[in-house]
Amino acid sequence: MDIKYNLKSASERRTQPFKPDGDVGFGKLRTDHMFLMDYRDGQWCDARVVPYGPFEMAPGAMSLHYGQSIFEGAKAFMHDDGEIYTFRLNKNAERMNRSADIVCIPNIDEAMQVKAINALIDVDRLWFPQQEGACLYIRPFIFATEDRLSVSPSQKYTFCVMLSPSGAYYASGVNNGIRLLISTKYHRAVSGGTGASKAAGNYAASLRAGKAAAEYGASQVLYLDSTNTQIEEAGAMNHFHILKDGTVIIPKFTDTILKSITSQSILELGEMLGCEVRQETVMLDKFIADIESGEIIEAGGFGTAAVVSPVNSYIFEDGRIVTVGDGKVGPNIKRIYKLFTDLQKGYVAAPQGWVKRVERVAP
């Protein structure tokens, strides 16, 4: 499908590289344009890059009432050659379609998704923040637009991609860990539901649990399965822990766990990391016992925004606290973070096809 360009005039858009004076934060800024494509009459059509701005939506748009909305999150990086490169966008496109299947949204051809993202980055490449650790955060999303109040899949949708120039998530490196609340009250998902999708409603449902975590001095919730016996996810991240022999353990993916692309990548990087990385069912009681015995020496979460979020302690709803190792960020987590970010930035050669240059083709 061809992409049409309806761009801002030269006087309205950025004409010089973005060189911010200070930290630009994460997810706060927008670039000059966005990509749009519509679904109607049974097909995706009208692919276009247009100025960033508000949508026109009917008050009865089904996404507003029934939550038929999904999204993705990815990053692009500037390498030493001055060009911008994306990281594993094909995996985001695959996951977008898995999410779409779960909430009955029509799939978008994966190559078209990647083409759309690259087209937008190319147009707004001057918005890349030129500072250490920066990225262009990529947010593709789909939402139902049909004006109808009966509960059934919409017949109309909009696919949008927007970009957010963002600074380093950890401005001074991975030096501090977070605390997680182990909750038996709040659950992220149950089998047969939408837990394996990046559905907007999943994140709305997590806000109450997040507020509860804050009351315990925790950053996020470590979600358990519905029986409160198995570890699933850590807030908006896949959980992991590291054994004293260096083995990295990630809970097995199920239909209640979102497959983090960071986790999937770590699973493929065991040889480069110099350790075993595997998945298994993680029982809560054994997990806690292994922390207390010293068998588990580090823990954290894998996700797009932070890459790795170290966890220094867990708190239960009765106030009991369990500290991981000595409570400091361990060497294994620092090594994983460095390798992963070095791959993204082009300092270390990535596996074939993981990192791709954004071609200069925009008008």
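The following refers to the structure shown. (Residues numbered from 1 in each chain as written. Predicted model: local features only at pLDDT ≥ 70, side-chain atom pairs only at ≥ 80, totals over all residues. Heavy atoms only, no water.)

Along its 14 residues, helix 3 (residues 110–123) runs 20 Å from first to last C-alpha, staying within 8% of the 20 Å computed at 1.5 Å per residue. The buried count for helix 3 comes to 10 of 14 residues, which makes it a mostly enclosed element. When we look at burial in helix 3, the residues that qualify are M112, Q113, A116, I117, N118, A119, L120, I121, D122 and V123. The N-terminus of helix 3 is capped by D109, whose side-chain oxygen sits 3.1 Å from the backbone nitrogen of A111. (Helix = DSSP H or I, 4+ residues; strand = E, 2+ residues; numbered from the N terminus. Expected span 1.5 Å × (residues − 1). Buried < 20%, exposed > 50% of the residue type's maximum accessible area, 1.4 Å probe, protein only. Polar contact = N/O pair within 3.5 Å; in protein donor to acceptor, adjacent residues only side chain to side chain.)

Residues F35, I121, I138, I142 and F159 are the most contacted members of the largest nonpolar core, which totals 37 residues. Listing elements by their share of this core, those giving two or more residues are strand 2 (33–40), strand 3 (43–51), strand 5 (74–78), helix 2 (89–102), helix 3, strand 7 (135–144) and strand 8 (157–166). When residues in this core are grouped by element, the largest group, seven residues, is from helix 3. In this view, F159 contacts F35, L36, M37, W44, M96, I108, Q113, A116, P140, F141 and I142; residues no more than four positions away in its chain are not counted. (Core = buried A, V, L, I, M, F, W, Y, C linked by side-chain atoms within 4.5 Å. Contact = heavy atoms within 4.5 Å.)

Another point: the packing of aromatic side chains. Scanning the model with the defined rule gives 14 aromatic pairs in all. Ring centres of F87 and W354 lie 5.9 Å apart, and the angle between their planes is 90°; on these two criteria the pair is classed as edge-to-face. You can see F87 sitting in strand 6 (residues 84–87) and its partner W354 sitting in the loop between helix 8 (331–345) and strand 18 (355–357), a full 267 residues away along the chain. Per residue, the accessibility class of F87 equals that of W354, and both read buried. (Phe/Tyr/Trp six-rings, centres within 6.5 Å; stacked < 30°, edge-to-face > 60°.)

So, about the pairing of strand 7. Counting buried residues in strand 7 gives nine out of 10 residues, a clear majority hidden from the surface. Alignment of strand 4 (residues 69–71) against strand 7, held across three bridges, turns out to be antiparallel. By the bridge assignment, S69 is partnered in strand 7 with F143. Inspection of the sheet shows strand 7 paired to strand 8 by 10 bridges, in the antiparallel sense. Looking across to strand 8, one finds that L136 is bridged to P165. (Pairing = 2+ DSSP bridges.)

Just distances and angles here, no functional claims.
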